Structures are given as structure tokens and as C-alpha cells.
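Reading the structure
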Amino acid sequence: MDGILRFLNEYELIIYLVIGLLAAWQLRKFIAAWDELRSAAFGLEEESAQIRLNSAAVVLVLLIISAIVVYGAVTFLGPAVPVANQLPTPTLDLLATPTITLQPAAGGEVLEEAGTPGPTSELNSSGCLPGEIMISSPEDGEAVRDVVQVEGTANIPDFGFYKFEVSRDDADNWLTIQAGDTYKVEESLGFWDTTQLDPGIYNLRLVVFDNTGEQRDPCQVTVTVDPPSSE
């Protein structure tokens, strides 16, 4: 369902154009059959024209219904399913300038490269921001199995929607597990079924968007997925 909504949302204008061209073609056939039906002098001619007229009318009605269905899905159903309108998963910027931290000086003080700002006091190393973007359960370093309830906070100014994703620790291929369009404050964000995953270390992150579609820095934790409980 999500894939269909994403397809309709991305190619909406092209779909309308195709439907419009087909409708124009069928309308010409309808008018030609109507003129032929009015001027038919014999029963066979009238019957043939009537069949073509009915056929063109049916196709026109189906095309109109299709346009209405596409419009309704994109306008009303799409916004209710945030995954359908989600932004592409961001990729690593290979041109970004890395932060360089120098080795401790003789006095034990760590020096940072000039011009490189240090981390703020509120934003921790995993990108989590208490009170706005936070995964409170599972915790970083925790071992999980079976179906995991993900809890936390997704409550930024001008909140739009959130999603949480998972990736193996040795990969950067993020898979969206669940999404929601209601802000959350220290409550359930959704559920993560780990029973189909190979045991190992995984990264779980919460991504929050504002109502303009702008993504905030994700909150990420690393967990160990254990084999599922025996039946």
C-alpha cells in the first residue's frame, strides 16, 4: 500500500496527463459513433454504431473514475500515511569536511582544530535531544529479542511526522520500520519485530521531520539482537 501511494504521489501529473490523452481519444470515438448513429440508415449500421458508442462511453467513465481515485489517494489518503511522503534516506556526504581532534596536550587538555565548533551541552553524541528527539527504550548497548516496543520522544517545534529505522552496524542501508504523524513525549513510538533478523549488532535511529518536510538530526542507539525465544 505504501509503495502504491509513493508511486501515485511521485507520478501524479504524468498519470493525469495519460488519463487526459486517453479520455480525449475516447471522446473523439464517442462523438464519431454518435454522429454515425444519428445518420445510420440501416439496422446493422445503427447496431454497429451503438456498440462503438457504448464502448467509448464505458471507457470514458472508467477513466474519470481512475482520475478521481488518484486524486483522492494523493490528496486525502497520502497525508495520513507519512511513509508514503517520506524523504529519501540521507546518504553520507563524501565531500564534507571531517572534524579533526588533536591528541591531548602535555597538560591533558584536548585541543580541537581551529574553526571547528565543539558539541553543544544539550545534544549528545548519538544525536538525541532530550525533550525533542529521544529514544528512551531500548537503551544504547541493550540486548533485545522478539518484538521490541520502541519508546521515546518526537516533539519538535512545527512537528510534521517521525519514523524509526534500523540498519546493521556494519552497513548503511536503513530500513524504515514504522512511522507516525502524531507527536510523542516519552511514550510508545511503535514496535520492531526482530524475529526475522540475524543475531548481531544493529543501529536503531529515530528521524523527525517538521511540517515543511525538513529532517532533523536523527537520534541513534546501538543494540544487540539476540536469537528469538524458543517456542
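We now turn to the structure provided with this report.

What to know about the overall build of the protein
Of regular secondary structure, the protein possesses 3 helices and 8 strands. Summarising the internal contacts of the protein: among those between residues at least 6 apart in sequence, 64% fall at separations of at least 24. When the accessible area of the protein is evaluated, it comes to approximately 14800 Å², of which 59% is carbon and sulfur surface.

Points about the state of the cysteines
All chains considered together, the criterion is met by 1 disulfide. Linked covalently through their sulfurs, Cys128 and Cys219 form a disulfide whose S-S length is 1.8 Å. For the disulfide bridge between Cys128 and Cys219, the dihedral angle about the S-S bond is near 75 degrees, and by the sign convention the bridge is right-handed. Pair noted here: Cys128 is in the loop between α3 (43-77) and β1 (133-137) and Cys219 is in strand β8 (residues 219-225), with a separation of 91 residues, a long-range link. Of the two residues, Cys128 and Cys219, both sit in the buried class.

Here's the deal with the nonpolar core
Ranked by internal contacts, the top residues of the largest apolar core, which has 22 residues, are Tyr162, Phe164, Trp192, Leu206 and Val208. At the level of elements, β1, β3 (147-154), β4 (159-168), β6 (184-193), β7 (200-210) and β8 are the ones that each hand at least two residues to this core. When residues no more than four places from it in sequence are discounted, the contact partners of Tyr162 are Ala154, Ala179, Gly180, Thr182, Lys184, Leu189, Leu206, Val207 and Val208. Grouped together as the second largest cluster of nonpolar side chains are 7 residues, Leu8, Ile15, Ala73 and Val74 included.

Structural notes on the pattern of salt bridges
This model, assessed by the stated rule, comprises 4 salt bridges. Of the charged contacts, one joins Asp170 and Arg168 as a salt bridge, the two residues approaching to 3.6 Å between their closest N and O atoms. The class of Arg168 is partly exposed, set by a relative accessible area of 32%. Shared partners join several salt bridges into a network, and the residues in it are Lys163, Glu165 and Arg205.

Criteria and cut-off values
Residues numbered from 1 in each chain as written. Predicted model: local features only at pLDDT ≥ 70, side-chain atom pairs only at ≥ 80, totals over all residues. Heavy atoms only, no water. Helix = DSSP H or I, 4+ residues; strand = E, 2+ residues; numbered from the N terminus. Contact = heavy atoms within 4.5 Å. Areas by Shrake-Rupley, 256 points an atom, 1.4 Å probe, with all protein chains shown as cover. Disulfide = S-S within 2.5 Å. Buried < 20%, exposed > 50% of the residue type's maximum accessible area, 1.4 Å probe, protein only. Core = buried A, V, L, I, M, F, W, Y, C linked by side-chain atoms within 4.5 Å. Salt bridge = Lys/Arg side-chain N within 4 Å of Asp/Glu carboxyl O.

Interpretation in functional terms is not warranted from these geometric data alone.
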